[in-house]
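# Results of the structural survey
Residues per chain, in single letters:
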Amino acid sequence: MNAKKTLIFKILSIVFIVIAIVLEALPYGVKLKFIAEGQNTIWRSYSYFDITPFGYGSFTPIITAVLTVLLAAASVISLIIKRNTPTLNRTLFTVEVITAIISVFPALYGLDYITPIGCFITLTLAVSAVFCLFANILSIQDKNVTADKSYAAVN
């Protein structure tokens, strides 16, 4: 019973990771401020995958994008191998939380640097982490039930 619920939570986690990747690919996720001659301020927006913000000192968007793609690949691989390894599940959850935290870092430059797309990216990563946490809890409960059954069969 818990195996089906675990699978559903893992799939939902992957869906939200894919949504985050799509949002990161949009060219409205990162804002940079440029000052032209005459003190005119020009705001430009970029994709999380664009290297331009990295070149201007905004390192976290590209780190968030790379971690999100790695999370998607690792999550799909863990879903394909159909093995509930607690270490892999904990690692995926930890990296998801770290990625969600890193995605908030552009706010350290000021509230002007926050975009609605960036907020949605953080939100989707956080929701994905919650689904991953639920899947981890259910897989641990499932392993405990299996261990109890095998212990009862031996005795």
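As shown above, the structure is provided for reference.
Our subject in this report is the structure included herewith. (Residues numbered from 1 in each chain as written. Predicted model: local features only at pLDDT ≥ 70, side-chain atom pairs only at ≥ 80, totals over all residues. Heavy atoms only, no water.)

### Some thoughts on the overall build of the protein chain
This is how it is decided: Every helix listed is a DSSP run of H or I at least four residues long, and every strand listed is a run of E at least two residues long, numbered separately from the N terminus. Any pair of residues with heavy atoms lying within 4.5 Å of one another is described as a contacting pair. Per-residue and other accessible areas follow the Shrake-Rupley method at a 1.4 Å probe size, with only the shown protein chains counted as cover for residues.
Counting its secondary structure elements, the protein chain contains five helices and two strands. Intrachain contacts of the protein chain at a sequence separation of at least 6 include 66% that bridge at least 24 residues. Total accessible area on the protein chain is roughly 9300 Å²; 71% of this is exposed by carbon and sulfur atoms.

### Here's the deal with the pairing of strand β2 (residues 41–46)
Under the convention used in this document: Note on pairing: two strands pair once DSSP finds at least 2 bridges between them.
In the sheet, strand β1 (residues 30–35) pairs with β2 via six bridges, with the strands oriented antiparallel. Each bridged residue has a counterpart across the sheet, and for V30 the counterpart in β2 is Y46. Adjacent in sequence and paired antiparallel, β1 and β2 are bridged by five residues, among which G38 carries a positive phi angle near 85°.

### Observations concerning empty space enclosed by the protein
For clarity, the cut-off: Note on definitions: the grid is 1 Å and covers protein atoms alone; a cavity is a set of points where a 1.4 Å probe fits but cannot get out; a pocket is an open set with protein on both sides within 12 Å along at least five of seven lines; lining residues have an atom within 4 Å of a point. Grid points are joined across faces, edges and corners, and a volume is the space filled by probe spheres set on the points. Throughout this entry, Asp, Glu, Lys and Arg are counted as charged residues, while Ala, Val, Leu, Ile, Met, Phe, Trp, Tyr, Cys and Pro are counted as nonpolar. The remaining residues, Gly among them, count as polar.
By the definition in use, this model includes one cavity of 30 Å³ or more. Considering only enclosed or pocket space, the largest cavity measures out at about 80 Å³ in volume. In this structure, the largest cavity is lined by K10, S13, I14, S75, S78, N89, L92, C132, A135 and N136. Contributions of two or more residues to the lining of the largest cavity are made by α1 (2–25), α3 (60–81), α4 (86–102) and α5 (116–154). Among the residues forming the lining of the largest cavity, the class breakdown is four nonpolar, five polar and one charged.

### Looking at a nonpolar patch on the surface
What counts here: Candidate patch residues must exceed 30% relative accessible area and have no salt bridge, after which like charges are joined if within 9 Å and Val, Leu, Ile, Met, Phe, Trp or Tyr side chains if within 5 Å. Think of a salt bridge as a Lys or Arg side-chain nitrogen and an Asp or Glu carboxyl oxygen that are within 4 Å of each other. The buried label goes to any residue with under 20% of its type's maximum accessible area, the exposed label to any with over 50%, and the partly exposed label to all in between, with areas taken from a 1.4 Å probe on protein chains only.
Where nonpolar side chains cluster on the molecular surface, the patch consists of L7, I11, V15 and I19 and spans about 290 Å² of accessible area. Within the secondary structure, L7 is located in helix α1. Among the residues examined, L7 registers a relative accessible area of 42% and is labelled partly exposed.

### What about the side chain of S13?
If you trace the backbone, S13 turns up in helix α1. Other than its neighbours up to four places away in sequence, S13 contacts E96, S128, F131 and C132.

### Some points on the environment of L70
Structurally, the position occupied by L70 is in helix α3. L70 sits in the exposed class, given a relative accessible area of 51%. Sequence-wise, L70 and L92 are 22 residues apart; in three dimensions their C-alpha atoms are separated by 9.8 Å.

### Comments concerning the nonpolar core
Selection rule: Throughout this description, the term nonpolar core refers to a set of buried Ala, Val, Leu, Ile, Met, Phe, Trp, Tyr and Cys residues connected via side-chain atoms within 4.5 Å.
By size, the foremost hydrophobic cluster in this structure holds 11 residues: A20, L23, V30, L32, Y46, Y48, A65, A100, I117, I121 and L125. Put simply, the parts of the chain that give this core at least two residues each are α1, β1 and α5. With three residues, the top contributor of residues to this core is α5. Once you skip the residues sitting within four places of it in the chain, A20 turns out to touch T68, I121, T124 and L125. In this structure, I17, A72, L92 and C132 belong to the second largest nonpolar core, which totals five residues.

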